[in-house]
Every structure is written in C-alpha cells, then in structure tokens.
Amino acid sequence: MTMKEVGTALYAVSEYAEFSSLLALSKAVRSDLGLHPVFLFKHDYGALAAHTKQLDALQFSWISAKSASLHTNYSATGHTDDYFPTYAPAHTSHGTRSGHSRTAALLTGMATVVGIAAAPVILFAAIAALISRRFNIHPMRSMAKRLGKMHPALVQRRYMMILDEVRKAFDIFFPSIVISGQDYSLSITAIASLVAEERGVRTAIVPFSMTPTTKELAESLSGNRNHMLRGRLRSKLIRKAFPQWVNHYHGRDYIRLSLPELLAAEELKLAAPVPWLPNSGRATLLLPGDQSFEYCARAGIPREQLRVTGAQWSDSLWNSIQSNASRRTELIEDVDLHTAAYRTKNRLPPVKFEEQAKILLISWPPDQSPRSPTGLNSFEELSSALAEMLSRIHYSGIARVVVSLHPTLIGRKLHADLKEQGVYVLDQDLVEVLGCVDIFSATVSSTLLWSLQLEIPSVNFDIYRYGYREFADAGIVDAASVPELRRVLLSLIKQPQRYEEVKKALRQNRRYWGMFDGGCTKRILNELKSLARHDKLEQGD
C-alpha cells in the first residue's frame with residue numbers, strides 16, 4: 001500500500017539503463033517513504049520522449065535540465081594500477097581549487113585572456129547557430145556547436161544556465177533527497193548535488209550496474225585525441241595546475257575533460273575531488289557488496305560516504321528462486337517448439353537433445369563501433385560468426401541455446417537474422433530467465449554479477465578487449481574471441497568436473513561481491529530515509 005506523499009525525491013538521470021534502475025527504485029521509495037518521484041534528465045538526454053511517456057503514465061513528475069518546463073503531478077600518484085587515478089590527493093574536498101596554486105591561477109587567467117581575445121567567436125557562433133537553425137544547414141550547425149565547446153566563456157555560460165534550471169526545479173519541488181545512479185564531474189548529478197548542498201539536502205548514489213572504476217573511464221577515452229595531453233607548454237601547465245585532472249594510461253597522459261570544461265567545473269564547483277574516480281563527489285554511495293566498498297575506499301572516497309546495502313536487482317533474483325523450476329520447464333518447451341518449427345521448415349533431421357542437456361544463455365554483445373571485435377572487421381561479422389557457432393551447438397543436441405539481445409539491439413535487423421538461422425531469441429527480461437539456465441555468457445556486463453549470485457558458471461566474452469579484471473577475480477571465465485568462446489562453452493557443457501570447478505569458485509566468491517538475502521531493497525530504503533530531510537518525512541509518520 002502506497003503511503004501518503006509527504007515530500008519529493010529528485011532522481012538525476014544521465015543514461016538509459018540508469019533510468020530503468022531508478023524508475024524501479026522510485027516506486028519503492030514512493031511506497032515506503034511517501035516521496036513523490038521527480039525525474040531530472042540531463043540537457044541532451046536522447047530518449048527523453050520515450051522515457052517521459054512512461055513517467056506520465058505513472059503520474060510521476062519530470063523536468064529536463066535543458067528547459068525548466070515542468071511536467072508534474074505533485075501538489076505539494078606514482079602507481080601503475082589502471083583501476084586507480086594516477087593522481088589522488090591525500091585530502092579530498094569540494095569547491096573551487098583553481099586558486100590553490102599560482103600555476104592554476106595563471107592558466108585560468110590565460111584562458112580568460114584568450115576568451116576575451118576570441119570574443120568575436122561568440123558573435124560568430126551565435127549568428128551561425130541562428131542561420132543554421134533557420135535554414136536547417138547541418139554543416140554550419142555542427143561548426144557552431146564545435147566553436148561553442150571550444151570557447152571557455154561559452155562553456156561556462158552553458159553550465160551556469162543548466163544550474164539555473166536545476167535551481168528552479170528545487171524551488172518548485174523542494175526535494176527531501178537527491179538520488180542518482182552515478183556521478184561524474186559536470187554531470188547532471190554533480191549539478192543537482194551542488195544545488196542540494198546549497199539547500200541542505202543530501203544526495204545518494206544507488207549504482208545501477210557494476211561499480212565504475214578509473215580504468216573504465218580511462219578505457220572509454222583511450223585513443224581520443226581530444227583528451228590526450230599534447231603540446232609541451234600546454235601539457236606542463238595543466239599537469240602543474242590541475243594534476244588531479246591528468247591520468248596516465250597505456251603510455252599516454254589524458255585529461256578528464258577538455259580545458260574549457262575543466263575550468264568551468266572548477267569555477268562552478270562541479271568538479272569531483274578526484275575527477276578520474278567515478279562517484280567521488282558529494283554523494284553517499286549505497287554499494288552492492290564488500291568488494292565495491294574496498295575499491296571505493298582504497299581509490300580515495302572517504303569511508304564515511306560509503307554504505308553496503310546490496311543491490312535492488314539482487315532482490316529480484318532472490319524473489320524468483322521459488323518459481324525457477326516451473327519457468328525452466330516452460331522455457332524448455334518453448335525452445336523445443338521453436339527448434340521443431342525451424343527443423344520442419346528447413347527439412348532438417350530431428351534434434352535429439354541429451355537427457356540432461358544444459359541450457360546455455362547468451363547475452364548478445366553490443367555494437368561497440370568503431371571499436372572492432374577481436375579477429376573480425378565489424379559487428380556484422382561478429383554476429384554472423386557467433387550465430388553460426390551457437391546454431392551448431394544447439395542443433396547438435398548437446399545443449400539448448402537461448403539468446404537475449406542487448407537493449408541497444410532491439411528493433412535492428414539482427415533479430416530477424418538470428419531467427420532465420422534458427423536461434424531462439426528471448427522475449428522476456430533477462431532477470432526473469434537467468435535463474436532457469438545452466439551456463440551464461442555476456443560481454444563485459446554487470447549481468448555477470450547476477451549470475452555470480454546465482455552460482456551459474458559464466459563466461460565474460462571480452463570480444464572488444466577491455467581487459468577488466470573484476471570478472472576473473474570473481475571466478476568468471478574469460479574468452480576474448482569467438483573460437484575461444486566456443487572452446488570454453490564446450491568445456492562447460494561436456495566436462496562435468498570443469499563445470500563444478502567454476503561453480504565452486506563462484507560459491508566461494510559471491511558473498512564478497514554482493515548480498516543475496518532478499519533484504520537489499522529494505523536496507524537501501526532505510527539508508528535513504530536516514531539521509532532524507534526529516535522535516536518532510538516526519539509529517540507522514
């Protein structure tokens with residue numbers, strides 16, 4: 001039963017998967033704490049129309065940082081470990097740090113002088129933007145956007161406008177707490193948490209995926225010329241003025257944001273104390289397990305900002321345990337019907353599955369273009385090779401193969417192509433099916449931690465060569481190419497001893513990586529209640 005609404009909770013959203021996680025959490029927070037959900041989307045959120053329709057249907061409120069138009073139903077250093085930043089200050093604090101050194105002041109001053117000298121660029125960019133918008137001239141629009149990102153004054157002005165929009169949202173909704181799934185310098189969460197701090201409101205991060213790391217950030221920017229430190233004088237000044245913004249990775253020095261963005265983050269107090277460490281801002285972190293706690297503490301986040309609660313998805317898996325057996329029977333029936341229909345259509349001989357044939361669930365790898373898959377030239381080649389390999393396993397009768405498509409692949413031609421090759425594609429959410437299978441494979445995905453909690457032997461199909469060590473540390477098997485994946489899968493299917501070895505490793509490690517007792521959501525809600533402003537909540541007690 002939903003209690004009377006006694007306040008609001010503001011949910012800051014940057015990514016699609018983050019929205020899905022926060023939407024599920026917002027329903028529990030509304031029911032348990034009586035806080036009406038208000039979703040704040042970043043200014044360039046791509047799925048705004050689709051996701052706000054869901055909120056409208058639920059009568060939840062939302063706002064875009066791009067504009068304060070409201071939709072509301074509410075009436076009231078020196079190390080070599082890539083997982084840690086190259087520079088990590090001994091004492092972290094928030095605020096403008098550009099004045100902490102003469103070099104930083106000099107660099108800021110130089111950028112200001114350059115900005116004044118390049119003042120005509122502002123006028124040109126404004127005129128170009130107006131003309132391109134009036135006559136729909138895409139090249140001119142693109143050029144105007146690039147100029148806008150290069151000019152320090154324009155960048156700072158853009159974020160000041162976003163700050164103003166978020167302050168308007170706070171003036172309307174008076175949130176009791178800000179909740180998000182992640183936090184980075186200059187992100188919508190950083191902006192919302194700054195405004196929250198000004199109003200005496202706390203911020204909580206409830207991660208929607210694996211605990212993000214410095215290596216993940218560095219890998220995402222690896223090879224990006226816009227983030228490489230180039231030019232001797234420029235590099236020297238930035239290293240000396242803002243050492244915390246520089247990270248050494250794979251033989252190169254990278255800057256976390258562009259210099260205009262860096263200066264804006266410092267000036268507007270939107271910089272995390274350790275910019276290369278995700279979630280190192282103002283928020284309290286509600287973490288899935290001890291592994292996350294130890295990493296965050298060691299990387300530089302103060303321990304008093306860390307809480308171990310478990311993850312909400314863990315409870316979803318826990319609650320499905322009782323029905324796994326019946327759903328497994330239904331899944332086998334569906335797969336066999338699909339197989340028989342495909343066999344009949346293509347005049348193939350009958351498929352005789354072994355009596356104890358395992359169910360193999362493959363979460364299809366996403367398209368990471370322009371990054372190429374190992375040993376292949378494109379995502380299309382990867383899909384073709386993977387489909388052929390899985391089809392051979394399935395129609396040999398040694399295992400039933402089931403495929404779950406990555407959300408970014410829904411609606412693409414791939415779905416039809418897989419059906420043409422006789423591959424069974426799930427039409428259910430992964431969390432509803434995972435407990436029914438015997439072997440699971442995914443590509444550098446937090447869903448592998450789901451299978452870890454269920455002690456399902458799993459494979460991290462690292463076809464794009466990210467090299468994250470978390471999976472192997474947890475007991476999950478790595479495979480970096482289609483041939484290697486085939487060898488690993490066949491060993492788990494055909495060799496009972498190998499299967500039990502992997503299962504035993506998962507059993508030994510799973511408690512360290514997460515909590516699996518059905519009480520995670522309750523712990524999260526209790527922490528959120530302790531962080532929320534009590535002058536709002538006590539009215540509904």
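Computed from a prediction, not measured in an experiment: that's the story for all the values here.

### Section: the packing of aromatic side chains
Where two aromatic rings form a pair, the distance of their centres and the angle of their planes describe that pair.
Item 1. In total, this model carries 11 aromatic pairs according to the counting rule given.
Item 2. Where Trp 318 meets Phe 516, the ring centres are 5.3 Å apart and the plane angle is 85 degrees; that geometry is what we call edge-to-face. Taken as a pair, Trp 318 in helix H12 (residues 312-319) and Phe 516 in the loop between helix H20 (496-513) and helix H21 (520-531) lie far apart in primary sequence, 198 residues in all.
Item 3. Aromatic rings pair up to connect Tyr 11, Tyr 16, Phe 19, Phe 39, Phe 41 and Tyr 45 into one cluster.

### A few points about the packing of helix H14 (residues 379-396) against helix H19 (residues 482-494)
Axis angle and axis distance: for two packed helices, these are the angle between their axes and the distance between the axes, and together they describe the pair.
Item 1. At a minimum axis distance of 11 Å, the contact between H14 and H19 shows a crossing angle of 20 degrees. One way to sum up the angle between H14 and H19 is to call them roughly parallel. When the axes of H14 and H19 are compared, the crossing they make is right-handed. Residue-level contacts link Leu 382, Ala 385, Leu 386, Met 389, Leu 390 and Ile 393 of H14 to Val 482, Leu 485, Arg 486, Leu 489, Leu 490 and Ile 493 of H19.
Item 2. When its residues are assigned to classes, the contact of H14 with H19 shows 11 nonpolar, no polar and 1 charged.

### Description of the sheet that holds strand E16 (residues 477-479)
Item 1. Strand order in the open sheet formed by 6 strands is E13-E12-E11-E14-E15-E16, and the pairing between neighbours is parallel. With one partner strand each, in any of the chains shown, strand E13 (424-425) and E16 form the two edges of the open sheet.
Item 2. As defined by bridge partners, strand E14 (residues 439-442) adjoins strand E15 (residues 458-461) across 3 bridges and the pair is classed as parallel. For Ser 441, the partnering residue across the bridge sits in E15 and is Val 459.
Item 3. Relative to strand E12 (residues 399-404), helix H13 (residues 324-345) is tilted by about 95 degrees, and along the sheet it contacts strand E11 (358-363), E12 and E13.

### With respect to H19
Item 1. The end-to-end C-alpha distance of H19 is 18 Å, a good match for the 18 Å that 13 residues give at a rise of 1.5 Å each.
Item 2. Along H19, the positions that sit buried rather than exposed are Val 482, Leu 485, Val 488, Leu 489, Leu 490, Ser 491, Leu 492 and Ile 493.
Item 3. Taking the backbone nitrogen of Glu 484 as reference, a side-chain oxygen 3.2 Å away marks Ser 481 as the first, capping residue of H19.

### Quick look at the nonpolar core
Item 1. One finds Leu 331, Trp 364, Leu 390, Leu 418 and Leu 489 to be the most contacted residues of the largest nonpolar core, which totals 83 residues.
Item 2. If near-sequence neighbours (up to four positions away) are discounted, Leu 418 is found in contact with Trp 364, Ala 387, Val 403, Leu 405, Val 423 and Val 425.
Item 3. By size, the runner-up hydrophobic cluster in this structure holds 39 residues, among which are Ala 12, Ile 162, Ile 255 and Leu 268.

Each value, and the rule that gives it
Residues numbered from 1 in each chain as written. Predicted model: local features only at pLDDT ≥ 70, side-chain atom pairs only at ≥ 80, totals over all residues. Heavy atoms only, no water. Phe/Tyr/Trp six-rings, centres within 6.5 Å; stacked < 30°, edge-to-face > 60°. Helix = DSSP H or I, 4+ residues; strand = E, 2+ residues; numbered from the N terminus. Axes fitted to C-alpha atoms, helices over the stretch in contact; angles between N-to-C directions. Parallel < 35°, antiparallel > 145°, perpendicular 65-115°, else oblique. Left-handed = near helix turned anticlockwise from the far one by under 90°. Contact = heavy atoms within 4.5 Å. Nonpolar A, V, L, I, M, F, W, Y, C, P; charged D, E, K, R; others polar. Pairing = 2+ DSSP bridges. Expected span 1.5 Å × (residues − 1). Buried < 20%, exposed > 50% of the residue type's maximum accessible area, 1.4 Å probe, protein only. Polar contact = N/O pair within 3.5 Å; in protein donor to acceptor, adjacent residues only side chain to side chain. Core = buried A, V, L, I, M, F, W, Y, C linked by side-chain atoms within 4.5 Å.

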